[in-house]
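Inside the fold
Below are the chains, spelled out letter by letter.
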Amino acid sequence: MWMTDGIPPVPGQTPGFPSRERRAASSLSSQWLGLVLEELDHGLVLLNGAGRVLHCNHAARVCLDSNHPLEMVGPHLRARLLTDAVPLAEALEGAESGGRRCLLRLGDERADCGRANVVVVPLNRGVSQAAVLLILERRQLCGDLAAQWFALRHQLTPAETEVLKALSNGIKPADVAARQGVAISTVRSQIQSIRAKSGADSIGELMRQLAMLPPLVPMLRGVQPSQNTATGPLN
């Protein structure tokens, strides 16, 4: 008896050819994969070895629009700097044909695009057509939605929540105080309160807790999650 991928053929179906149901299931799986990628607050770009983009999630589009060393040119992903073009092409070719993964350090501190890390992951095992996944460096420790959930979980005040978000973005306490127009002692008291409520022994431990939060994005793009929506399912 002929079997395709371990699935017995349907009576009356030509052996070796996928049924209409299997094609529909494959299409639905691709749609689900796209939806999953869109829900992650981490820049992910799926492309082939030639640099043609197959899928670019929302977080990646936002990241690439903000002076990133990589940019979208039509349907292709390109390096902004000529010095990055060859390393990027070699990494994509090596991942697609040779199954090699690597970490690229792209950009230049002296250029407008700055520098950024990009992880290159080959997707070529057990598939008929290989692809490459690029994982872009996160510019902040966690997204606003994750930070909001953390704040609600530990019953932080609105002022403490804003301090938490600032710290997760890498802003120093002195700069937080300057931005909010308060004394540094006020910010330090708020940080101490955040640590006490969350059980963090230090700012480093607090940042570790934030780093472990799921990288989820709000359902409504650009909408700040409210006190009501952040406590339960998004709808």
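Residue numbers restart at each chain and count upward from 1, following the sequence in its written direction. Reporting of local features is limited, given that this is a predicted model, to residues whose pLDDT is at least 70; pairs of side-chain atoms are given and counted only at 80 or more, and all residues count toward the totals for whole chains, interfaces and linings. Note that water and hydrogens are dropped before the side-chain values are worked out from all heavy atoms of the structure.

Thoughts on helix H5 (residues 158-168)
Counting buried positions over the 11 residues of H5 gives eight, a clear majority of the element. Working rule for contacts: check all heavy atoms of both residues, and any pair within 4.5 Å makes them a contact. Only DSSP runs of H or I reaching four residues or more are called helices, and only runs of E reaching two or more are called strands; each is numbered from the N terminus. Buried-residue contacts for H5 involve helix H4 (144-153), helix H6 (173-180), helix H7 (184-198) and helix H8 (203-211). A positive phi of about 85° marks Gly170, the residue just after H5. Between buried and exposed lies partly exposed: a residue is buried under 20% and exposed over 50% of the maximum accessible area for its type, with that area taken using a 1.4 Å probe on protein chains only.

Some words on the sheet that holds strand E5 (residues 102-108)
Strands pair, by our definition, only if DSSP identifies at least two bridges between them. Strand order in the open sheet formed by five strands is E2-E1-E7-E6-E5, and the pairing between neighbours is antiparallel. Edge positions in the sheet fall to strand E2 (53-56) and E5, since each has one partner strand and no second. Averaged over neighbouring strand pairs, the angle between their axes works out to 25° when direction is ignored. For strand E1 (residues 44-47) and E2, the ladder comprises three bridges, and the chain directions are antiparallel. Bridging from a neighbouring strand, Leu47 pairs with Val53 of E2. Only the contacting stretch of a helix is used when fitting its axis, a line to C-alpha atoms as for every element, and angles between N-to-C directions run 0 to 180 degrees.

Comments concerning unusual backbone geometry
If you check the backbone angles, Gln155 has positive phi at about 55° while not being a glycine. When you line up the elements, Gln155 lands in the loop between H4 and H5. Residue classification places Gln155 among the exposed positions, given a relative accessible area of 65%.

What to know about the nonpolar core
Generally speaking, soluble globular proteins have nonpolar side chains that are buried together. What is meant by a nonpolar core is a set of buried Ala, Val, Leu, Ile, Met, Phe, Trp, Tyr and Cys residues, joined one to another through side-chain atoms within 4.5 Å. In this structure, Val45, Leu70, Leu77, Leu134 and Leu136 are the most contacted members of the largest nonpolar core, which totals 21 residues. Counting residues per element, this core draws most heavily on helix H3 (residues 82-98), at four residues. Excluding its chain neighbours within four sequence positions, the residues that come into contact with Leu77 are Val45, Leu47, Gly51, Val53, Leu64, Leu70, Glu71, Met72 and Leu134. Formed by 18 residues, the second largest nonpolar core is a distinct cluster that contains Phe150, Leu156, Val163 and Ile194.

Quick look at the state of the cysteines
We call a pair of cysteine sulfur atoms a disulfide when they lie within 2.5 Å. Under the definition given, this model contains zero disulfides. The structure places no disulfide on Cys56, whose sulfur is separated from the nearest cysteine sulfur, that of Cys63, by 9.3 Å. We classify Cys56 as buried; its relative accessible area is 11%.

Digging into the packing of H5 against H8
Two packed helices can be described by the angle between their axes and the distance between those axes. Contact geometry of H5 with H8 gives a least axis separation of 11 Å together with a crossing angle of 85°. The angle between the axes of H5 and H8 places the two elements in the roughly perpendicular class. In this structure, H5 uses Leu164, Leu167 and Ser168 to contact H8, whose residues at the interface are Leu206, Met207 and Leu210. By definition in this entry, angles of less than 35 degrees are roughly parallel, angles greater than 145 are roughly antiparallel, angles of 65 to 115 are roughly perpendicular, and the rest are oblique.

Details of the side chain of Lys165
Within the secondary structure, Lys165 is located in helix H5. Engagement of the side chain of Lys165 in a polar contact is seen with the side chain of Gln148, the distance being 3.3 Å. What qualifies as a polar contact is a pair of N or O atoms within 3.5 Å, subject to a donor-acceptor requirement within protein and to the restriction that residues adjacent in sequence count only when both atoms come from side chains.

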